[in-house]
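Observations on the model geometry
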Amino acid sequence: MQGDKTNVAFVAQNEKPALPAPVTTTGPMGWVMANLFSSPLNVLLTLIAGFMLVYSLPDLYQWAIAKAVWSASSYDECRSLSPDGACWAVVSERAGQFTYGFYPEHLRWRPNLAFLLLLVAIAPVLYKLPYRSALLAFTAIYPLIAYLLIWGGLFGFEFVPSDKMGGFLLTMIIGCTGISFSLPIGVMLALGRNSNMIFIKTICVGFIEFIRGVPLITLLFVASTLLNYFLPKGWDFDLILRVLIMVTLFASAYMAEVIRGGLAALPRGQYEAADALGLNYFQSMRLIILPQALKISIPGIVNTFIGLFKDTTLVSIIGLFDPLGIIQPILADPNWNGLVVELYVFVAAFFFIFCFAMSRYSMYLEGKLSTGDHR
Amino acid sequence: MAQKILPAALVGILGMVAATTTQASTLEDVKARGMLHCAVSTGLAGFSFIDDKGEYRGFDVDYCRAVAAAVLGDPTKVKFTPTTGKTRFTALSSGEVDLLSRNTTWTFSRDVDLKFSFAGVSYYDGQGFMVPKSLGVESALELDGATVCIQTGTTTEANLADYFRANNMSYEPVPVEKNSEARQNYLAEACDVYTTDASGLAASRATFDKPDEHIILPEIISKEPLGPLVNQGDEQWADIARWTLNVLVEAEEKGITQANVEEMAKTATSPEIRRLLGAEGELGSKIGLPNDYVVQVIKATGNYGEIFARNLGEDTKIGLARGLNAQWTDGGLLYAQPYR
């Protein structure tokens, strides 16, 4: 036993290198195991979903891309080129109408410029940029600039009547106006509803409950038809303006309730602390209450925005040519009669892109503002 | 500030209301404005659609242009207001438009209850049925137990129920909202039968991949006289709408076309034609229009037959035969009142 060197107990000099984790818990395999096959039910669901994808995707690809026709002047021409592919030609042929409605072609740079300036105007609101206060001043006057560019009629800009506007231009006009005006009005309504002053409180509650109790489409009908009965004949109160007012009022009422939710979620102590600091009502709201309440309400606010943006398609029912409304006269054109799916898919894609972007931005904002909540 | 603006605005509005109670006639309004306001459909194949230049075109649209040519001498001076089935009547009765030309069926209640005046019938339509040939049906009376695609909230829905009840048959409705939806359902064989106005059936069938495999059954189960209408109470304006339609029909009967109207105004010898074209008499002026307004109308849009052929006729994709809409001399129902 004594000379048996091999029998000396092994002493580890350093740590044993760690074995790689089992393949089933890391890497792509681990992701698949954790997310797709973690329980019998998930295995079943994964298999069903996978089967449906394999079953439908190739056909969808064939229809939407491989066999699709991108340029033709009529539905018949599409069919003769490719009998069972999508006919995207209608979208490219009518791209102008989809984008601007009937806005005069030689003036289309004006809405284009308005759109570019819109990006400039919302950038400082969405992100922290250098020279923010100067940019925000631009944002504040942007509505006037946009009005001047789109409608014109002043400073040598040719006037374009509202009935020439349609397509995505109309969606953007209604959506952006509704979104940017409903937030401040909504904040005021929410504060008014929480107010101790009985008169203001009654007005706000009455307004909110009335608007919430009525479907948007009813308000649009009031805007498009009933108002005409009350206004004297010959008073041409612009239809788009009427719709803008109704959509903004509608969104404001919902916004007010979302923000009231944020206000109610704040602990009582925050209000008392603000009072204890000797701040007056407006100071305490601006510095203490609203920043916190709005942060809590972000998901709800963005949710209302997305809903509002999609609700703009309701104006097609009162005969405005938003992207959904303009499909009707295109379908009635004998050249394109019989084509349906392509147009709706196109409009759906447009709305998806915008709404998805809004939803991602809201997630980014929540992440950015919730730093204080991580401990 | 706000307290002072509101009462001032209210007083202003009331003042306007008071001022407009003594309003001018529609004709004077249109002339003053230099623009005819005309309501059309948001889109119906052949009747009203928008081409790739953004121009309105179609059968209903051409009638609006004819009225504009009569009143203002220029068929382009029209502001079209697209209306849906739900907004059309309020648009007219509220005065937002001067004229509604939107394949509207002339019925008692619309004429009397809603206080409109129909200017006449521009298109005689009727509700029909379309079935696939493979169904082996030759007559609507064999449709007992069929599933029927039907647009909700239209007169066709009530007509269908009446027809099946009168013939002791049963059916299963597949309610749809729009024509395009009905077409999809019908082609996907979600229903055996598709029913709507016969012109609409023909227009839909023309767009099928295999139109020959579908037939329109011979039974027409309802009367759908479609025509333009104006508000009650302004007889002069109603007369203008009525006689614009009449002269379009009369011009076809007398063989006056877009191409030869100017020539005929100068050289025609028939007193009827000379009266119609304003070469003789003062008939145009009596209605408050230029004496040669008929020349302007025909020059702008052509006669009834030309409008029909251009938008709905057998050479178009819609491919409708004149049928009931032929001149009375050809066995149809078009019979313009004498122009004298």
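Rules and cut-offs
- Residues numbered from 1 in each chain as written.
- Chains lettered and ligands numbered in written order.
- Predicted model: local features only at pLDDT ≥ 70, side-chain atom pairs only at ≥ 80, totals over all residues.
- Heavy atoms only, no water.
- Helix = DSSP H or I, 4+ residues; strand = E, 2+ residues; numbered from the N terminus.
- Rg over C-alpha atoms; globule rule 2.2 N^0.38 Å.
- Buried < 20%, exposed > 50% of the residue type's maximum accessible area, 1.4 Å probe, protein only.
- Contact = heavy atoms within 4.5 Å.
- Areas by Shrake-Rupley, 256 points an atom, 1.4 Å probe, with all protein chains shown as cover.
- Lys, Arg positive; Asp, Glu negative; His and termini not counted.
- Charge placed at Lys NZ, Arg CZ, Asp CG, Glu CD.
- 1 Å grid on protein atoms, 1.4 Å probe; cavity = no way out; pocket = protein on both sides within 12 Å on 5 of 7 lines; lining within 4 Å.
- Points joined across faces, edges and corners; volume = space filled by probe spheres on them.
- Nonpolar A, V, L, I, M, F, W, Y, C, P; charged D, E, K, R; others polar.
- Buried area = accessible area lost by both parts, 1.4 Å probe.
- Salt bridge = Lys/Arg side-chain N within 4 Å of Asp/Glu carboxyl O.
- Polar contact = N/O pair within 3.5 Å; in protein donor to acceptor, adjacent residues only side chain to side chain.
- Axes fitted to C-alpha atoms, helices over the stretch in contact; angles between N-to-C directions.
- Parallel < 35°, antiparallel > 145°, perpendicular 65-115°, else oblique.
- Left-handed = near helix turned anticlockwise from the far one by under 90°.
- Domains from an automatic or database assignment.
- Expected span 1.5 Å × (residues − 1).
- Bend = angle between axes of the 7 residues up to and from the residue.
- Disulfide = S-S within 2.5 Å.

Here we come to the overall build of chain A. Regarding its fold elements, chain A presents 15 helices and zero strands. The C-alpha atoms of chain A give a radius of gyration of 29 Å, which is well past the 21 Å a tight globule of 375 residues would have. Considering chain A as a whole, with its 375 residues, one finds that 40% of them fall into the buried category. Nonlocal contacts in chain A, meaning residues at least 24 apart in sequence, comprise 65% of its contacts between residues at least 6 apart. On chain A, roughly 21500 Å² of surface is accessible, and the fraction owed to carbon and sulfur atoms is 70%. Each charge class in chain A was averaged separately, 23 positive and 22 negative side chains, and the resulting centres sit 10 Å apart.

Residue and element names in this part refer to chain B. A complete count under the given rule lists one cavity of 30 Å³ or more for this structure. In this structure, the largest cavity encloses a volume near 50 Å³. When residues of the lining of the largest cavity are traced back to their parent elements, those giving at least two are α3 (59-72), α9 (235-253) and α14 (304-311). Of the residues that constitute the lining of the largest cavity, the class distribution is six nonpolar, one polar and no charged.

The subject of this paragraph is the interface of chain B and chain A. Between chain B and chain A, the residue contacts involve 37 residues of the former and 34 residues of the latter. Summing both partners gives a buried area of about 3000 Å² for chain B against chain A, and 58% of it is carried by carbon and sulfur. Summed over the shared surface of chain B and chain A, the result is zero salt bridges. Summed over the shared surface of chain B and chain A, the result is two residue pairs in polar contact (both at pLDDT 80 or more).

Moving on, we get to the packing of helix α8 (residues 167-193) of chain A against helix α11 (residues 239-265) of chain A. Residues and elements named next belong to chain A. Direction vectors running N to C along α8 and α11 enclose 45°, while the axes themselves pass 6 Å from each other. Between α8 and α11, the interaxial angle falls into the category oblique. Handedness of the α8/α11 crossing: right-handed. The residue inventory of the contact of α8 with α11, partitioned by class, reads 20 nonpolar, six polar and three charged.

Residues and elements named next belong to chain B. The domains assigned to chain B are domain 1 (24-124 + 225-326) and domain 2 (127-222). Centre-to-centre, using C-alpha coordinates, domain 1 lies 31 Å away from domain 2. Listed by partner, the interface residues are eight residues for domain 1 and six residues for domain 2. Here domain 1 packs against domain 2, burying approximately 550 Å² in sum over the two surfaces, 64% of which is carbon and sulfur. In terms of surface lost to domain 2, no three residues of domain 1 exceed Lys317, Ile318 and Leu320, which account for 51% of the buried area on that side. In terms of residue class, the side of domain 1 that touches domain 2 is built from five nonpolar, no polar and three charged.

What follows concerns the side chain of Glu224 of chain B. All names here are of chain B. Relative to the helices and strands, Glu224 is located in strand β13 (residues 224-231). Separated by 2.8 Å, the side chains of Glu224 and Thr105 make a polar contact. Polar side-chain contacts of Glu224 include one of 3.0 Å to the side chain of Ser222. Setting aside anything within four residues of it in sequence, one finds Glu224 in contact with Thr105, Tyr123, Tyr124, Asp125, Gly126, Gln127, Thr155, Asn159 and Asp197.

All names here are of chain A. A rise of 1.5 Å per residue sets the reference length of α8, with its 27 residues, at 39 Å; its end C-alpha atoms lie 37 Å apart and thus fit the reference within 8%. Where α8 bends most, the angle comes to about 30°, and this point is Ser182, followed within four residues by the proline Pro184. Counting buried positions along α8 gives 20 out of 27 residues, so the element sits mostly inside the fold.

This part covers the state of the cysteines. A complete count under the given rule lists three disulfides over all chains for this structure. Here Cys78 of chain A connects covalently by a disulfide to Cys87 of chain A, the sulfurs 1.9 Å from one another. Between Cys78 of chain A and Cys87 of chain A the sulfur-sulfur dihedral comes to about 70°; the bridge is accordingly right-handed. Accessibility assignment for this pair places Cys78 of chain A and Cys87 of chain A in one class, buried. Disulfide pairing places Cys149 of chain B opposite Cys191 of chain B at an S-S distance of 2.0 Å. With the S-S dihedral at roughly -95°, the linkage between Cys149 of chain B and Cys191 of chain B falls on the left-handed side. In this pair, Cys149 of chain B is assigned in strand β9 (residues 146-151) and Cys191 of chain B in the loop between α7 (179-187) and β11 (193-197), connecting sequence segments 42 residues apart. In this structure, Cys149 of chain B and Cys191 of chain B share a single accessibility class: buried.

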